[in-house]
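In case you want the letters, here they are:
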Amino acid sequence: MMNVSIPPIRREMAEQARAYIDQLTKPPGSLGRLEDIAAELAGMTGELLPRVTPPGVLVFAADHGVAAEGVSAYPAEVTAQMVSNFANGGAAINAFSRHIGALLQVIDVGVAAPIADERVIQKKVRPGTNNFATMEAMTMSEAEQALHVGYEQAVSVIGQGGRTLIVGEMGIGNTTAASALLATLTDEPLERIVGKGSGIREERLAHKRDVIRRALLLHQPDPAKPIEWLAKIGGLEIAAMAGAMLAAAERRIPILLDGFICTVAALVARQFAPNVAEYMIAGHRSQELGHDIALRLLGKEPLLDLRMRLGEGSGAAVAFPLFVAATAMVNEMATFASAGISTGEEKGEKQA
Ligand SMILES: O=C(O)c1ccc[n+]([C@@H]2O[C@H](COP(=O)([O-])O)[C@@H](O)[C@H]2O)c1
Ligand SMILES: Cc1cc2nc[nH]c2cc1C
């Protein structure tokens, strides 16, 4: 499963973009990180003048049996309730998606309650995972199915014209699953990985770490066997997000990452295909404690830090206008030559 073949990024195109950006009517480097974004997007898409709009936003929703351990600040029913909110257009990701002109799709890949709303794409692999504190979260076949759901959904939104992929999630308990997965990729202690998620108190945080510690001892999950790893301690939406990222990279579609759960899903995707990470840009740094470690493992520096910790793809959606700015720079700015402006170097001028 997941026989993806992701093309290497076109480094020569990224270099060509950098050289071209240096000819635009501005001192070299003066548009800072936007110049890096533009060059990276050129390398990913293979185009000097890439188009990044419209973005496709996929929000995968699923429940987590481990929520029964009291690891979230909210009851598990909130997953299904928020799915209704997404369908009605009332969540943060709906507002942000409208403002960036996104193709937004909400997918039930494993919500515990039945979802009977035709505005929600029905791809339920199973109604929530098992509680991984005591048993494996799902079977390996279910983990594969969830990956496939994500893969196919990304193929679909790209087919509809999506030029950037944003993947979001909704799942009460999913910071516990994401933290457990992350813990197996690093020697960092759980005290630096496991955070407050939707907002648990300090006392509960110790309990959340205990639940994860016990689960890791019980399952001995091995990230080198990614399907088994996901089956033991993963989540249906996390698997789907990883699958979606693999499909995007395979098609040279840039992936704009959201917060903690999304970044862990990116690390999961990398366990299937190492070069998938070349197609990713980190949208923001989430307030979730372990996000920095996850970003460091992935080798990404986030674009924004707005103290957000919502999920749903919201941080990526807020960062998306930076892609628009970076591509507008390359597409629309005049060069020194076309505008007849003398360059600093030609005149031998010193920088003030
Ligand atoms: O994206 C993030 O960085 C992020 C950080 C903390 C919480 N969340 C969201 O909150 C939910 C998980 O929190 P919890 O406490 O139930 O594990 C889930 O629906 C996520 O979308 C998301
Ligand atoms: C209300 C609420 C909205 C969310 N959106 C993503 N995760 C969430 C968690 C909660 C609790």
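Residues numbered from 1 in each chain as written. Chains lettered and ligands numbered in written order. Predicted model: local features only at pLDDT ≥ 70, side-chain atom pairs only at ≥ 80, totals over all residues.

A. View of the sheet that holds strand 1 (residues 55-62). The sheet built from six strands is open, its strands ordered 3-2-1-4-5-6 with parallel pairing. Taken across any chain shown, the strands that pair with only one partner, and hence form the sheet edges, are strand 3 (121-122) and strand 6 (280-282). Across seven bridges, strand 1 lies against strand 4 (residues 164-170) in parallel orientation. Within the sheet, the bridge partner assigned to Phe-60 lies in strand 4 and is Glu-169. Where helix 11 (residues 260-272) meets the sheet, it contacts strand 4, strand 5 (255-257) and strand 6, and its direction lies at approximately 115° from that of strand 4. (Pairing = 2+ DSSP bridges. Helix = DSSP H or I, 4+ residues; strand = E, 2+ residues; numbered from the N terminus. Contact = placed C-beta atoms within 7 Å. Axes fitted to C-alpha atoms, helices over the stretch in contact; angles between N-to-C directions.)

B. Main features of the UniProt feature "active site" (unreviewed entry) in the chain. Those places that UniProt annotates as "active site" (unreviewed entry) correspond, in this numbering, to Glu-312. For Glu-312, the location among the structural elements is in the loop between helix 12 (291-298) and helix 13 (314-332). When sequence neighbours within four positions are dropped, the list of residues in contact with Glu-312 reads Val-59, Ala-91, Ala-92, Ile-93, Gly-168 and Met-170. (UniProt positions renumbered as here; feature names shortened; annotations may be inferred.)

C. Inspection of the site of ligand 2 at higher detail. Within the structure, ligand 2 sits among Tyr-74, Val-78, Met-82, Met-170, Ser-198, Leu-310, Gly-311 and Glu-312. The residue makeup of the shell around ligand 2, split by class, is five nonpolar, two polar and one charged. (Near = placed C-beta within 6 Å. Nonpolar A, V, L, I, M, F, W, Y, C, P; charged D, E, K, R; others polar.)

D. Molecular detail of the site of ligand 1. Residues in contact with ligand 1 amount to 24 residues; listed here are only the nearest, Ser-72, Gly-197, Gly-259, Ser-286 and Gly-311. Listing elements by their share of the shell around ligand 1, those giving two or more residues are strand 4, helix 6 (174-183) and helix 11. The biggest single contributor to the shell around ligand 1 is helix 6, with three residues.

E. Spatial organisation of the nonpolar core. Ala-240, Ala-242, Ala-244, Met-245, Ala-248, Val-264 and Ala-265 are the most contacted members of the largest nonpolar core, which totals 117 residues. For this core, the element with the highest residue contribution is helix 10 (residues 236-250), accounting for 12 residues. Not counting the four nearest positions on each side in its chain, Ala-265 is found in contact with Val-167, Ile-238, Met-241, Ala-242 and Met-245. (Core = buried A, V, L, I, M, F, W, Y, C linked by C-beta atoms within 7 Å. Buried ≥ 20, exposed ≤ 12 C-beta atoms within 10 Å, placed from the backbone.)

F. How the structure looks around the pairing of strand 2 (residues 103-110). For strand 2, the buried fraction is high: seven of the eight residues fall into the buried class. Relative to strand 3, strand 2 runs parallel, the two sharing two bridges. Residue pairing for strand 3: Asp-108 is matched across the bridge by Gln-122.

G. Structural view of the pairing of strand 1. Counting buried residues along strand 1, eight of its eight residues qualify, which places the element largely inside the surrounding structure. In strand 1, alternate side chains face the same way, and those of Pro-55, Val-57, Val-59 and Ala-61 on one face and Gly-56, Leu-58, Phe-60 and Ala-62 on the other are all buried. Pairing analysis gives seven bridges linking strand 1 to strand 2, with the strands arranged parallel. In the sheet register, Ala-61 faces strand 2, and the bridge partner there is Asp-108.

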